[in-house]
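What the coordinates show
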Amino acid sequence: MSRLFGSVRARATLGATLVVAVALVAAGTAVVLSLRSNLTGEAGTQAERSARAVAAELAVRTPYDKLSGLDGDDGPVQIVDEDGRLVAASDDLERISGTATADVTPRPADPDGDDDDDDSDGDSDGDDSGDDSRGSDDSGESLEPGEIARETTFSNGSATIDGDAEDYRFAAVSVETHDRGRLTVHAGAPLAAEHSAVRTALTVMLIGFPLLLAVVAGVTWLVTGRALRPVEGIRREMAAITASEDLARRVPEPATHDEIARLARTTNETLAALEASVERQRSFVADASHELRSPIASLRTQLEVAAAHPELLDLEGAVEDTVRLQHLAADLLLLARLDAGERPAGARVDLAALAREEAAGRPGVTVDAEPAEVSGSRGQLGRVLANLLDNGRRHARERVTVTVRQEGGSAVLAVADDGEGVAEADRERIFERFVRLDAARSRDDGGAGLGLAIARDVAVRHGGTLTAGAAPAGGALFELRLPLAGRE
């Protein structure tokens with residue numbers, strides 16, 4: 001179970017289903033409440049019409065037994081006087097709740113005749129204390145005799161008429177009569193339509209919501225699986241590459257333009273860079289082993305000869321081989337540190353002063369420099385300049401010129417010689433490791449072919465560039481460009 005819900009596909013399906021479920025519950029609740037409110041409002045309107053129809057008949061002195069609304073066809077009706085006494089009710093009313101009184105049978109009039117339903121002599125013009133009086137309903141609304149209150153109050157309840165029990169929406173309307181004082185008419189309208197509609201809506205939701213959620217979950221599962229299928233292909237291919245250690249393999253790239261396609265392309269670019277790095281490392285190890293073998297073999301030969309014939313020891317040659325081996329080991333160590341991403345120190349270095357220091361004691365080297373401070377490692381930048389000067393002296397006929405200037409936001413250090421120069425086709429290849437253009441010259445004269453490679457790597461680590469070109473005198477021109485201090 002934990003493995004199932006640990007997948008992106010399962011989590012996406014579960015999340016989408018939960019979101020839709022919450023939305024459906026919220027929407028369903030709103031629909032039910034709105035439906036109930038509308039139907040209850042319609043029932044209230046119907047009840048109010050019935051109550052006002054009865055109140056209108058009372059306002060024109062219609063006797064209770066002549067009221068048309070008491071037949072029970074439109075719903076239960078109660079008429080209550082100011083004392084809360086039931087004076088008239090619908091026919092066959094057996095039980096009622098939710099109105100001013102639960103009585104269903106009108107009470108008889110008081111013996112003194114004060115609360116008679118009408119005058120005993122039947123004279124409508126008889127003296128009645130309510131004829132000229134003004135009454136006030138519960139809300140404080142003042143009414144004239146024969147006037148019906150504008151305000152209607154509503155309540156919910158139930159009633160049983162002729163054995164049929166139902167829920168009702170009741171409306172209460174007050175009327176000031178000429179001969180019977182203030183009366184309140186309670187009329188009800190059935191809520192059966194509201195209950196039926198709500199039950200139907202709930203039934204539809206209880207059946208439809210699970211089906212809709214199942215559809216949402218299924219569609220999300222299928223769509224997510226289809227979207228993640230290329231990712232699984234990438235994962236399987238990466239696992240195969242890891243197991244086989246074959247960096248020449250590539251992951252499949254979908255023919256789309258989405259994030260997964262970009263992920264596949266980036267992964268292949270990373271594999272290509274890793275493959276190139278591993279190939280460079282293998283080539284570097286092979287070349288280093290080849291370069292180390294010559295001085296070590298030479299030194300061993302000299303030592304073996306010296307052991308057998310001490311008088312034949314070439315001490316000077318042994319020292320030269322040892323120094324050459326030491327320089328080669330130092331170059332290999334520096335390249336290894338640069339490949340490992342070692343960042344240079346952040347000290348300020350004046351290239352003009354550095355150029356004069358490195359040129360001192362080297363015959364045929366002239367310096368024309370203006371102050372230009374850069375940020376970096378003084379030792380590594382000195383190594384760059386020394387390698388460029390060694391390379392220039394090796395190929396120059398007579399002189400090597402070093403210039404330092406500021407150009408825009410960069411410091412430019414240029415080393416030019418008056419030799420034969422470098423062919424344009426070889427101006428990038430000379431910066432590769434263990435590359436020597438003059439294959440005929442001896443290793444003692446030409447070195448191991450690491451000087452220019454080290455110089456470019458150091459330049460790149462300092463945020464600059466090192467390029468080869470043609471010097472004005474016809475020889476080679478090497479330009480080192482570094483950002484001025486404070487403008488990195």
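Above this text sits the structure in question.
Residues numbered from 1 in each chain as written. Predicted model: local features only at pLDDT ≥ 70, side-chain atom pairs only at ≥ 80, totals over all residues. Heavy atoms only, no water.

1. Brief notes about the nonpolar core
The biggest cluster of nonpolar side chains holds 46 residues, and the ones touching the most others in it are Leu351, Leu381, Leu385, Val415, Leu466 and Phe478. Among the domains, domain 2 (248-342) and domain 3 (344-483) are the pair contributing at least three residues each to this core. Those residues in contact with Leu351, other than ones at most four positions away along the chain, are Ala372, Val374, Leu381, Val404, Ala411 and Leu413. Residues Val54, Leu58, Leu67 and Val185 belong to the second largest nonpolar core, which totals 17 residues. (Core = buried A, V, L, I, M, F, W, Y, C linked by side-chain atoms within 4.5 Å. Buried < 20%, exposed > 50% of the residue type's maximum accessible area, 1.4 Å probe, protein only. Domains from an automatic or database assignment. Contact = heavy atoms within 4.5 Å.)

2. Considering the pattern of salt bridges
With the rule as written, the count across this model stands at 21 salt bridges. Between Arg300 and Glu304 there is a salt bridge, and its shortest N-O distance comes to 2.8 Å. Taken together, the residues Arg300 and Glu304, both in helix α3 (residues 259-308) and 4 residues apart, mark about one turn of the helix. A relative accessible area of 43% means that Glu304 is categorised as partly exposed. Asp426 is the salt-bridge partner of Arg429, the closest N and O atoms lying 3.7 Å from each other. (Salt bridge = Lys/Arg side-chain N within 4 Å of Asp/Glu carboxyl O. Helix = DSSP H or I, 4+ residues; strand = E, 2+ residues; numbered from the N terminus.)

3. Structural notes on the packing of helix α1 (residues 8-59) against helix α2 (residues 192-244)
When two helices pack together, their arrangement is captured by the angle between the axes and the distance separating the axes. Interaxial distance between α1 and α2 falls to 9 Å at its minimum, and their mutual angle equals 160°. The angle between the axes of α1 and α2 places the two elements in the roughly antiparallel class. When the axes of α1 and α2 are compared, the crossing they make is right-handed. Of the residues belonging to the contact of α1 with α2, the class tally is 26 nonpolar, 7 polar and 3 charged. (Axes fitted to C-alpha atoms, helices over the stretch in contact; angles between N-to-C directions. Parallel < 35°, antiparallel > 145°, perpendicular 65-115°, else oblique. Left-handed = near helix turned anticlockwise from the far one by under 90°. Nonpolar A, V, L, I, M, F, W, Y, C, P; charged D, E, K, R; others polar.)

4. Brief notes about the sheet that holds strand β15 (residues 476-483)
Strand order in this open sheet of 5 strands is β10-β12-β13-β15-β14, and the pairing throughout is mixed. Looking along the sheet, the strands with just one partner apiece sit at the ends: β10 (365-369) and β14 (465-470). Along the sheet, successive strands turn relative to each other by an average axial angle of 15°, direction set aside. Two elements, strand β13 (residues 410-417) and β15, share 7 bridges in a ladder whose sense is antiparallel. The residue bridging Val412 from the neighbouring strand is Arg481, located in β15. Here helix α5 (residues 351-359) sits on the sheet in contact with β10, β12 (400-407) and β13, set at roughly 170° to β10. (Pairing = 2+ DSSP bridges.)

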